[in-house]
Amino acid sequence: MIIKEIHLGMDDIDSPRGGCTTHFASLVVEMLSNWGALWIDYPNLIRLNPNIPYRTRGNGAVALRFKIEASKARDILPALEKMIAEYIEMDYPNTNPGVVLVEGNIPVEVQEFSERAIWRTISIAIAKRVLESNSIQHVCIGNGRGLIGSLAAVGNRLTQDHTYEFIAYRSPESSNQPRRVYEDSVIEMNRTMGERLFSSIDPRTNRMLIAPHGPDPVLYGIRGEGPEDVISAASFVQSDSSIERRMVFRSNQGTGAHLKHVVYVADLRPYMAALVHGVIDRDPIAIEGGHVLFGIGDCSGRIDCAAYEPTGEFRETVARLRKGDQALVHAAVRPASRTHGLTLNAEGIVIIKLAKRSKLLNPICPSCSKRLKSAGRGQGFKCVNCGFKNPEGAKIEVLLDTELEETVYLPPPRAQRHLTRPLERLNRINSEVPKCLIDEWHIP
Ligand code: ATP
């Protein structure tokens, strides 16, 4: 019997009226398990460039990695093509599913493609070229855009930092119903599991973050450091909605993997995820809509930078920046429009060096300790209280306090991207790739 190692990537298998790629992947896991697949990794949930305009939600793609009998391997793509046609709403123009199947080792070109897809924009033509030059089997529907995410998912083996997510799904038929997940149970889960979980609760509002809001089969997703952690955590969650299936994913969520490239202002392009290192060149101002705007420059140019209203209390931090502060902005590049040029959407900021904050004040009267007044242009200062005169006096510089520190600031968890490395993971790296999978990683 010949056994083959298969890496199966899939993306864009969704529609706004229900369905999503991770749920579809859970159906494929069930089918392949019935075909005798031996799983060599948890399903990988790979988040890609979060600034891509075509995404439905969080720009996630899935890779399944397993060993299977060669005769079965041949049937996978035809079976998936049928499954996709039944799953998606074929008349919805924004769904362009893609599936790729790589046998054996992942070609270097695919790994490089994947590294780029997490922070740049890639064309469908380039994805097709990589598929062709590496003779990679694939299927797609619509314009083929899903091939970009599928290929990028397959190419990312998560050999560096990674996290886990336990996702509980309701039936697609109940995708439009409200999710009845009890917040108290989630707060208790978070309290008990402590630092083994992340991004479950927004600390300021005490709002749970595990249940999404859109019409899709995801009932809730719990993010954590290990597969055991997210499975144990799920036992705390109480819900009135019935759960149809569950699956544990290994993921690049919470790793900050999209923000690894420092880019000069002159080299920024629309939709990039970039780190911009420079000096604040324009004091922050509040603009209509509750946004805060400031400017940053480097040796190649300058650019406006915004902390938008949904980033909540992060705007208060940004509003305290001053001209001359040196910072590293975690940026999503917004294309220019009729009203503004290329703009950075700040999704985090590292303050590297605070500029001196000071103001010039009149000197103090040496006899009565009151602040002196100007005695007229070029005539120094006088005291209106005791009559003291100081014709030679000059203003004195007084240092001001700032509440800012030279550290990293992020928006609150409710406004973070899936890929954002949250503060609770700042110094944590899970680099050990699992050697075997724990039993209950998927049901059914
Ligand atoms: P879901 O969470 O339901 O899977 P989503 O938010 O992941 O939805 P998709 O419907 O999958 O969004 O749409 C994202 C599309 O963008 C996919 O077709 C994917 O192939 C494509 N894409 C992903 N990364 C890039 C990139 N870096 N450049 C260009 N296109 C990309």
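Structure shown above.
What you are looking at is a predicted structure, and each value in this text was computed from that prediction instead of being measured.

Caption draft 1: Quick peek at the layout of surface pockets. Within this model, the second largest pocket holds a volume of roughly 600 Å³. Lining of the second largest pocket is provided by 21 residues; of these, Glu115, Ile118, Asn156, Gln160 and Ala257 occupy positions nearest its centre. The element that contributes the greatest number of residues to the lining of the second largest pocket is helix 3 (residues 108–117), accounting for five residues. Of the residues in the lining of the second largest pocket, the class split is five nonpolar, nine polar and seven charged. Of the residues that make up the lining of the second largest pocket, three or more belong to each of domain 1 (3–157) and domain 2 (163–257).

Caption draft 2: Molecular detail of the pattern of salt bridges. Per the counting criterion, the structure on display carries 24 salt bridges. The partner of Glu188 in a salt bridge is Arg191, with the nearest N and O atoms 2.9 Å apart. Taken together, the residues span about one helical turn, with Glu188 and Arg191 both in helix 6 (residues 183–193) at a distance of three residues. Relative accessible area serves as the criterion here: at 34%, Glu188 is assigned to the partly exposed category. With relative accessibility at 60%, the residue Arg191 sits in the exposed group. When the shortest N-O distance is used, the salt bridge between Arg302 and Asp304 registers 3.2 Å. A relative accessible area of 41% places Arg302 in the partly exposed class. Relative accessible area serves as the criterion here: at 23%, Asp304 is assigned to the partly exposed category.

Caption draft 3: Geometry of the site of the ligand. As a structural note, the neighbourhood of the ligand is formed by 23 residues, with Asp12, Thr56, Arg57, Gly60 and Arg145 the closest of them. Here an oxygen atom of the ligand sits 2.5 Å away from a polar atom, N or O, in the side chain of Arg57. It is helix 5 (residues 146–155) that provides the largest number of residues to the shell around the ligand, a total of three residues. Grouping the amino acids of the shell around the ligand by side-chain chemistry returns seven nonpolar, nine polar and seven charged.

Caption draft 4: Geometry of the packing of aromatic side chains. Counting across every chain of the model gives six aromatic pairs. When the centroid spacing of 5.6 Å and the interplanar angle of 75° are considered together, the rings of Trp39 and Trp441 count as edge-to-face. Here Trp39 is found in strand 2 (residues 38–39), whereas its partner Trp441 is found in the loop between strand 22 (408–409) and strand 23 (442–443), with 402 residues between them in sequence. In this structure Trp441 comes out as buried when scored by relative accessible area, which is 6%. Taking the centre distance of 6.4 Å and the plane angle of 20° together, the rings of Phe166 and Tyr220 count as stacked. Within this pair, whereas Phe166 is found in strand 7 (residues 163–169), its partner Tyr220 is found in strand 10 (residues 218–224), the two being separated by 54 residues in sequence. A residue is classified by how much of its surface remains accessible, and Phe166, at 6% relative accessible area, is buried. One aromatic cluster in this structure is built from Trp39, Tyr42, Phe66, Tyr164 and Trp441. Across the ring face of Trp119, the terminal group of Arg120 is positioned such that the distance to the ring centre comes to 5.2 Å. The ring centre of Phe198 lies 5.7 Å from the NZ or CZ of Arg425, which sits over that ring.

Caption draft 5: The packing of helix 3 against helix 5, seen in detail. Relative to each other, helix 3 and helix 5 sit at 110°, their axes nearing to 7 Å. One element, helix 3, and the other, helix 5, form an angle in the roughly perpendicular class. The interaxial crossing formed by helix 3 with helix 5 has left-handed handedness. Mapping the contact onto sequence places Val110, Gln111, Phe113, Ser114 and Ala117 in helix 3 and Ile148, Leu151, Ala152, Val154 and Gly155 in helix 5. Looking at side-chain class alone, the contact of helix 3 with helix 5 contains seven nonpolar, three polar and no charged residues.

Caption draft 6: Representation of the pairing of strand 12 (residues 273–287) in the model. Here strand 12 pairs with strand 15 (residues 326–334) via seven bridges, running antiparallel. For Ala274, the partnering residue across the bridge sits in strand 15 and is Ala331. Remark: three residues form the turn of the hairpin made by strand 12 and strand 13 (residues 291–298), two consecutive strands paired antiparallel; Gly289 in that turn has positive phi of roughly 100°.

Caption draft 7: Inspection of unusual backbone geometry at higher detail. Between Ile443 and Pro444 the backbone carries a cis peptide bond, its omega angle lying at -5°. Note that Pro444 resides in the segment after strand 23. The backbone of Leu158 shows a phi angle near 55°, a positive value even though the residue is not glycine. Mapped onto the secondary structure, Leu158 falls in the loop between helix 5 and strand 7. Taking the relative accessible area as the measure of exposure, Leu158 reaches 3% and is therefore buried. If you check the backbone angles, Ser369 has positive phi at about 65° while not being a glycine. Mapped onto the elements of the fold, Ser369 is located in the loop between strand 17 (358–361) and strand 18 (373–374). A relative accessible area of 55% means that Ser369 is categorised as exposed.

Caption draft 8: Just the environment of Lys128, in detail. Examined against the element boundaries, Lys128 turns out to sit in helix 4 (residues 124–133). Note: C-alpha distance between Lys128 and Lys82 (46 residues apart in sequence) is 22 Å.

Caption draft 9: Structural view of the side chain of Asp161. If you trace the backbone, Asp161 turns up in the loop between helix 5 and strand 7. On the basis of relative accessible area, Asp161 is assigned to the buried category, the value being 10%. Polar side-chain contacts of Asp161 include one of 2.5 Å to the side chain of Arg421. A distance of 2.7 Å separates a polar atom in the side chain of Asp161 from the backbone nitrogen of Asn430. Sequence-distant contacts of Asp161, defined by excluding residues within four places in its chain, comprise Thr255, Arg421, Arg425, Arg428, Ile429 and Asn430.

What counts, and at which threshold
Residues numbered from 1 in each chain as written. Predicted model: local features only at pLDDT ≥ 70, side-chain atom pairs only at ≥ 80, totals over all residues. Heavy atoms only, no water. 1 Å grid on protein atoms, 1.4 Å probe; cavity = no way out; pocket = protein on both sides within 12 Å on 5 of 7 lines; lining within 4 Å. Points joined across faces, edges and corners; volume = space filled by probe spheres on them. Helix = DSSP H or I, 4+ residues; strand = E, 2+ residues; numbered from the N terminus. Nonpolar A, V, L, I, M, F, W, Y, C, P; charged D, E, K, R; others polar. Domains from an automatic or database assignment. Salt bridge = Lys/Arg side-chain N within 4 Å of Asp/Glu carboxyl O. Buried < 20%, exposed > 50% of the residue type's maximum accessible area, 1.4 Å probe, protein only. Near = heavy atom within 4 Å. Polar contact = N/O pair within 3.5 Å; in protein donor to acceptor, adjacent residues only side chain to side chain. Phe/Tyr/Trp six-rings, centres within 6.5 Å; stacked < 30°, edge-to-face > 60°. Lys NZ or Arg CZ within 6 Å of the ring centre and 35° of its normal. Axes fitted to C-alpha atoms, helices over the stretch in contact; angles between N-to-C directions. Parallel < 35°, antiparallel > 145°, perpendicular 65-115°, else oblique. Left-handed = near helix turned anticlockwise from the far one by under 90°. Contact = heavy atoms within 4.5 Å. Pairing = 2+ DSSP bridges.

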